[in-house]
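A look at the structure
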Amino acid sequence: MAATQAPEIQQAEYKNTLPLWLAVAITVLVSLPFTLWLGEYNFASWVSFIVWAEYFALGAKPAGLKLILPNFAYSAILTGLTLAAIPLLGFLPSLVVPGDLAVAVALFVGVAFMVYSMNWWKGFQDGSLPFFNGISMVLAVYFTGAYPPIVTGGAAPLWAAVWAILMGLFGAALGVFNVWILFPRKVN
């Protein structure tokens, strides 16, 4: 029996109306008021820009958000919980500066658990870029104090995680906006 060939399916081709370099520059301008004019509530735009880059790295299609948002949020929340657990380890001796061993142990256990949990859902593996960025962005936001001082004390790490997630959502919106203003049109 002879094998039959499937007919070729032609994919529609698209061309951007606006060049990418101009669309990116416009998107950066759109983000500036949120970064410069809100005082202590200024957005941590670098977090947003990283998630914007993830959007492009995962295909610059809304379907990529199905990997970005849950992965980034999951690891961000767990990182916030890990940081909030540091005071529970305050009984540990310090090596160089006060609390350094507590920070090291909490992060070792927390990150080990998070990476192990990637085995539980294929989406964590497929979305490893936003997963690991969720961890690093919360660490960066928390340790640099790049979040509004709404919540202080022991809940501050959790607030830093929420702030990082909000900045990630803004970054996802920037990615979608950036693609939208390219005004892609069908050429075929």
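So, how was this worked out
Residues numbered from 1 in each chain as written. Predicted model: local features only at pLDDT ≥ 70, side-chain atom pairs only at ≥ 80, totals over all residues. Heavy atoms only, no water. Helix = DSSP H or I, 4+ residues; strand = E, 2+ residues; numbered from the N terminus. Rg over C-alpha atoms; globule rule 2.2 N^0.38 Å. Buried < 20%, exposed > 50% of the residue type's maximum accessible area, 1.4 Å probe, protein only. Axes fitted to C-alpha atoms, helices over the stretch in contact; angles between N-to-C directions. Parallel < 35°, antiparallel > 145°, perpendicular 65-115°, else oblique. Contact = heavy atoms within 4.5 Å. Nonpolar A, V, L, I, M, F, W, Y, C, P; charged D, E, K, R; others polar. Phe/Tyr/Trp six-rings, centres within 6.5 Å; stacked < 30°, edge-to-face > 60°. Core = buried A, V, L, I, M, F, W, Y, C linked by side-chain atoms within 4.5 Å. Salt bridge = Lys/Arg side-chain N within 4 Å of Asp/Glu carboxyl O. Patch = residues over 30% accessible without salt bridge, like charges linked within 9 Å, V, L, I, M, F, W, Y side chains within 5 Å. Areas by Shrake-Rupley, 256 points an atom, 1.4 Å probe, with all protein chains shown as cover.

**What about the overall build of the protein?**
- Along the backbone of the protein there are seven helices and two strands.
- Order of helices (α) and strands (β) in the protein, N terminus to C terminus: β-α-α-α-α-α-α-α-β.
- Over its C-alpha trace the protein gives a radius of gyration of 21 Å, far above what one expects of a compact globule, namely 16 Å for 188 residues.
- By its C-alpha atoms, the protein is 70 × 55 × 25 Å across when sized along the principal axes.
- For the protein, buried positions account for 36% of its 188 residues.

**Here we look at the packing of helix α2 (residues 45–57) against helix α6 (residues 128–144)**
- With their axes 10 Å apart at the nearest point, α2 and α6 run at an angle of 175° to one another. Taken together, the axes of α2 and α6 are roughly antiparallel relative to one another. Facing α2, whose interface residues are Trp46, Val47, Ile50, Glu54 and Ala57, α6 presents Leu129, Pro130, Asn133, Met137, Ala140, Val141 and Thr144.
- Broken down by class, the residue content of the contact of α2 with α6 amounts to nine nonpolar, two polar and one charged.

**Describing unusual backbone geometry**
- With phi around 55°, alanine 60 is a residue other than glycine that occupies positive phi space.
- Its location among the elements puts alanine 60 in the loop between α2 and α3 (65–84).
- For alanine 60, a relative accessible area of 17% translates into the label buried.
- In this model, phenylalanine 183 sits at a positive phi of 45°, which is unusual for a non-glycine residue.
- Here phenylalanine 183 is to be found in the loop between α7 (156–180) and β2 (184–186).

**Side note on the side chain of threonine 82**
- By the element assignment, threonine 82 lies in helix α3.
- Overall, threonine 82 belongs to the buried group, its relative accessible area being 10%.
- Not counting residues up to four positions away in its chain, the partners in contact with threonine 82 are Ala106, Leu107, Gly110 and Met114.

**Some thoughts on the packing of aromatic side chains**
- One pass over the structure, following the stated rule, counts 18 aromatic pairs.
- Relative to phenylalanine 170, the ring of phenylalanine 43 lies with its centre 5.0 Å away and its plane at 85°, an arrangement referred to as edge-to-face. Residue phenylalanine 43 is found in the loop between α1 (20–36) and α2, and its partner phenylalanine 170 is found in helix α7; the two are separated by 127 residues along the sequence. Comparing phenylalanine 43 with phenylalanine 170 shows no difference in burial state: the two are buried.
- Seen from their ring centres, phenylalanine 131 and phenylalanine 132 are 5.7 Å apart, and the 70° between their planes marks the pair as edge-to-face.
- Members of the aromatic cluster, joined through ring pairs, are Phe34, Phe43, Trp159, Trp163 and Phe170.

**Focus on the nonpolar core**
- Grouped together as the largest cluster of nonpolar side chains are 32 residues, with contacts concentrated most on Val47, Val138, Val141, Tyr147, Trp163 and Met167.
- Where this core is concerned, the elements lending two or more residues are α2, α3, α4 (100–117), α6 and α7.
- Looking at this core element by element, the count peaks at 11 residues for α7.
- If near-sequence neighbours (up to four positions away) are discounted, tyrosine 147 is found in contact with Val141, Tyr142, Ala156, Trp159, Ala160 and Trp163.

**Let's talk about the pattern of salt bridges**
- As enumerated under the stated definition, the model contains one salt bridge in all.
- Note that aspartate 126 and lysine 122 form a salt bridge whose closest N and O atoms lie 2.9 Å from each other. Placement of both aspartate 126 and lysine 122 in helix α5 (residues 122–126) is noted, with a separation of four residues, approximately one turn of the helix.
- When its relative accessible area of 40% is taken as the criterion, aspartate 126 is described as partly exposed.
- Note on lysine 122: relative accessible area 54%, which makes it exposed.

**Quick word on a nonpolar patch on the surface**
- Taken together, the side chains of Ile26, Val30, Phe34, Leu38, Tyr41 and Ile150 make up a nonpolar region of the molecular surface, amounting to roughly 480 Å² of accessible area.
- Of note, phenylalanine 34 is situated in helix α1.

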